[in-house]
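What follows is each chain in one-letter form.
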Amino acid sequence: VGTHIAGLSGNHPNHFGRDHARRSLGCYRENQIPIYGSGMTIDEACAPLLWEDHGNKFAFIAALAYQPSGAWATADQPGACYYYDNKERLLQLIGELKEQVDVIAVELQYEETYNPYPTPGQVIEFRELREAGAHIVTGVQSHVPQAQEPYGLGDPGGAGIISYGLGNLFFDQMWSYQTRTE
């Protein structure tokens with residue numbers, strides 16, 4: 001599919017155990033595919049991926065705001081960056097990156113829903129990331145497409161978008177119309 005980078009903030013990184021997660025992370029490294037949102041340690045998992053393309057500087061950040069706790073990285077175990085343990089750290093990081101990059105993209109694995117509209121908590125937390133300085137905030141938890149919230153140049157924080165949920169793309173939940181409408 002031409003993958004250049006991979007966001008790994010989902011709640012599935014350790015489903016087959018942490019040893020297999022280490023092997024998967026090693027596979028990305030061996031194939032020189034940069035990742036963000038997961039890592040061998042919590043510091044790696046929560047670190048931004050800085051990327052430059054055609055003179056445009058990007059920062060990609062991702063976190064998991066959901067269960068299971070076995071998916072969360074620790075000081076010495078692989079997994080995803082757990083949002084609530086690292087929220088202040090990530091909000092501060094977004095603020096610091098505003099002066100260093102052109103676009104800050106944050107993805108958050110939130111509570112899974114099967115509705116086209118975001119939950120009230122999702123709206124509050126995604127807007128908080130936008131207010132911290134993120135240009136793009138994307139929910140990667142939703143198995144159905146969810147609402148989009150665009151911002152123009154004249155809006156506080158400038159142009160950007162919140163995509164509350166992308167829906168399924170590479171997934172096989174063919175059992176309902178909602179999950180097939182990626």
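Residues numbered from 1 in each chain as written. Predicted model: local features only at pLDDT ≥ 70, side-chain atom pairs only at ≥ 80, totals over all residues. Heavy atoms only, no water.

Asks: I'd like a description of helix 3 (residues 83–97), backed by residues and values.
Replies: Compared with the 21 Å implied by 1.5 Å per residue over 15 residues, the 18 Å span of helix 3 between its first and last C-alpha is markedly short. Along helix 3, the largest kink reaches about 35° and is centred on Arg 89. Contacts made by the buried residues of helix 3 are with helix 2 (42–46), strand 4 (49–53), strand 5 (56–64), strand 7 (103–109) and helix 4 (120–132). (Helix = DSSP H or I, 4+ residues; strand = E, 2+ residues; numbered from the N terminus. Expected span 1.5 Å × (residues − 1). Bend = angle between axes of the 7 residues up to and from the residue. Contact = heavy atoms within 4.5 Å.)

Asks: Outline the sheet that holds strand 4, supporting the account with residue identities and numerical values.
Replies: Taken in spatial order, the six strands of this open sheet run 4-5-7-8-10-9, and their pairing is mixed. Each edge of the sheet is formed by a strand with only one pairing partner; in this case those strands are strand 4 and strand 9 (148–151). The average undirected angle you get between the axes of adjacent strands in this sheet is 15°. As defined by bridge partners, strand 5 adjoins strand 7 across seven bridges and the pair is classed as parallel. In the strand pairing of strand 7, Phe 60 is matched with Ala 105. Sheet strands touched by helix 3: strand 4, strand 5 and strand 7. Its angle to strand 5, the strand with the most contacts, is close to 170°. (Pairing = 2+ DSSP bridges. Axes fitted to C-alpha atoms, helices over the stretch in contact; angles between N-to-C directions.)

Asks: For helix 4, give the residues involved together with the corresponding values.
Replies: Note: α-helices contain 3.6 residues per turn, so residues at a spacing of three or four share the same orientation. Compared with an ideal rise of 1.5 Å per residue, which puts 13 residues at 18 Å, helix 4 spans 19 Å between its outermost C-alpha atoms and is within 8% of the ideal. Where helix 4 is concerned, the buried positions are Gln 122, Val 123, Glu 125, Phe 126, Leu 129, Arg 130 and Ala 132. Note on helix 4: the residue one or two positions beyond its end, Gly 133, has a positive phi of about 130°. (Buried < 20%, exposed > 50% of the residue type's maximum accessible area, 1.4 Å probe, protein only.)

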